[in-house]
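# Examination of the molecular architecture
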Amino acid sequence: MLELTGRNGLVIGIANERSLAWPGALHFRQAGADLAITYVGERARPHVAPLAERVDAPIFLPCDVGRAGELEAVFAAIRDTWGRLDFVLHAVGKARPEDLRGRLTDCSAEGFAEAMTVSVHSLIAIARLAEPLMTHGGSLITLSYLGAEKVVEHYNVMGPVKAALESTVRYLAHELGPKGIRVNAISAGPVATRAASGLVGSTDLLAASAKIAPLRRNINTDDVGLAALLLASDYTAAITGETLHVDAGVHIEGPVGRGQMQGETEPRKKET
């Protein structure tokens, strides 16, 4: 079992029990870590508060990364409570509905800037605030998607935004490496989360991914949580600047998946 006893972590981006960040928090706690949990606005609080209680979070604060001062307040609480920080899971992304559902060609400058600020610059801000608290090194983990590397229908403005996020991971890894701070991204396969429901054709995407994936299935949120646990642990002490694909292998397939070439049209059934 991976051991995080005595370590302190921050999880940003839990909206409800189906969020990709939640199983990460759960696995961090089961491994012994103490956690700070945040939520975005009072509407989200009732959904996140029971989850924070489940992981015995001593720090539970609002954090809208687009609102001045809230991120800084979280790090001030971490400094006052623990004095240091060991890892962060950053699971934050946003795009205006009209930009997410419309063509990139038609995306407004304001919408593009907002998506970049919330989804990408927030990681930079977190790195800046975490750096002085990671006195013994640390791990910064963010979430990306295959749309950063290849065109995924209907992903639209978030494709360039996630590409910028993955590039940011590499530059932060370069700059913070001398202090023993690792920075990595998890490129998660499609999952039926609240965020994914905002994508046009998300149901079709899930079905297509299961057909072409070498493992013949979609991932679940727990797959992402276990990968985050690995990246927070000493088992990945020499890994930084990477994008780890947790997508059942979808990213290795070409335009026509192996299953389609062989005439397979159904996801592979698990053996019992």
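Residues numbered from 1 in each chain as written. Predicted model: local features only at pLDDT ≥ 70, side-chain atom pairs only at ≥ 80, totals over all residues. Heavy atoms only, no water.

Glancing now at unusual backbone geometry. Backbone geometry places R216, a non-glycine residue, at a positive phi of 55°. Its location among the elements puts R216 in the loop between α7 (202–212) and α8 (221–232). At A248, a residue that is not glycine, the phi angle is positive and equals roughly 60°. Within the element layout of this structure, A248 appears in the loop between β7 (243–246) and α9 (258–261). (Helix = DSSP H or I, 4+ residues; strand = E, 2+ residues; numbered from the N terminus.)

What follows is about helix α5 (residues 109–130). Here α5 is 22 residues long and its end C-alpha atoms lie 30 Å apart, about the 32 Å a rise of 1.5 Å per residue gives. At H121, α5 shows its maximal bend, which comes to roughly 40°. Of the residues making up α5, those classed as buried are G111, A115, V118, S119, V120, S122, L123, A125, I126, A127 and A130. Residues of α5 that are buried make contact with β1 (8–12), α3 (70–81), β4 (87–90), α4 (97–101), β5 (138–144) and α6 (158–176). (Expected span 1.5 Å × (residues − 1). Bend = angle between axes of the 7 residues up to and from the residue. Buried < 20%, exposed > 50% of the residue type's maximum accessible area, 1.4 Å probe, protein only. Contact = heavy atoms within 4.5 Å.)

Inspection of the entire model under this criterion finds 12 salt bridges. Between R29 and D56 there is a salt bridge, and its shortest N-O distance comes to 3.4 Å. Separated by 27 residues along the polypeptide, R29 in helix α1 (residues 21–30) and D56 in the loop between α2 (41–54) and β3 (59–62) bring together distant segments of the chain. For D56, a relative accessible area of 49% puts it in the partly exposed group. Linking E114 and R96 is a salt bridge whose minimum nitrogen-to-oxygen distance equals 2.7 Å. (Salt bridge = Lys/Arg side-chain N within 4 Å of Asp/Glu carboxyl O.)

Turning our eyes to something else, we now look at the UniProt feature "active site" (unreviewed entry) in the protein. If you check UniProt for "active site" (unreviewed entry), the listed places come out as Y145 and Y155 in our numbering. In this fold, Y145 is placed in the loop between β5 and α6. Aside from chain neighbours lying at most four places away, what touches Y145 is V152, Y155, K162, E166, S187, A188, G189, P190 and L205. Overall, the relative accessible area of 9% leaves Y155 in the buried class. (UniProt positions renumbered as here; feature names shortened; annotations may be inferred.)

This part takes up the packing of aromatic side chains. Counted by the stated rule, this structure contains three aromatic pairs. Between Y39 and F60, the aromatic rings sit 4.8 Å apart at their centres with planes inclined by 40°, giving tilted as the arrangement. Separated by 21 residues along the polypeptide, Y39 in strand β2 (residues 34–39) and F60 in strand β3 bring together distant segments of the chain. (Phe/Tyr/Trp six-rings, centres within 6.5 Å; stacked < 30°, edge-to-face > 60°.)

It is worth spelling out the nonpolar core at this point. Formed by 86 residues in total, the largest nonpolar core has its most connected members in F28, I37, L85 and L140. Setting aside residues up to four positions removed in sequence, L140 forms contacts with V88, I126, A127, A130, M134, L176, I181, R182, V183 and N184. (Core = buried A, V, L, I, M, F, W, Y, C linked by side-chain atoms within 4.5 Å.)

This next bit is on the sheet that holds strand β6 (residues 181–188). Sheet architecture is open: seven strands sit in the order β3-β2-β1-β4-β5-β6-β7, paired in parallel fashion. Edge strands, defined here as strands with exactly one partner in the open sheet, are β3 and β7. This sheet shows a mean twist of 20° between the axes of neighbouring strands, independent of strand direction. By the bridge criterion, four bridges tie β1 to β2 in an arrangement that is parallel. For G9, the partnering residue across the bridge sits in β2 and is L35. Across the sheet, α2 lies against β2 and β3, angled at about 155° from β2, the strand it touches most. Contacting β4, β5, β6 and β7, α8 runs over the sheet at an angle of about 165° to β6. (Pairing = 2+ DSSP bridges. Axes fitted to C-alpha atoms, helices over the stretch in contact; angles between N-to-C directions.)

This part takes up the packing of α5 against α6. Interhelical geometry of α5 versus α6 gives an angle of 20° and a closest axis separation of 10 Å. What the angle tells us is that α5 and α6 run roughly parallel. Considering how the two elements wind past one another, α5 and α6 form a crossing that is right-handed. Two secondary-structure elements touch here, α5 through F112, A115, M116, S119, V120, L123, I124 and A127 and α6 through M158, P160, V161, A164, L165, T168, V169, L172 and L176. Across the contact of α5 with α6, the residue classes tally to 15 nonpolar, two polar and no charged. (Parallel < 35°, antiparallel > 145°, perpendicular 65-115°, else oblique. Left-handed = near helix turned anticlockwise from the far one by under 90°. Nonpolar A, V, L, I, M, F, W, Y, C, P; charged D, E, K, R; others polar.)

Time to look at the UniProt feature "binding site: NAD(+)" (unreviewed entry) in the protein. Summarizing the sequence annotation, UniProt attributes the feature "binding site: NAD(+)" (unreviewed entry) to G13, D64, V65, V92, K162, V191, A192, T193, R194 and A195 in the numbering used throughout. With respect to the secondary-structure elements, D64 resides in the loop between β3 and α3. If we ignore the near neighbours within four places in the chain, the residues touching D64 are V40 and E70. Excluding anything up to four places from it in sequence, V92 contacts I12, G13, V65, V118, S119 and S122.

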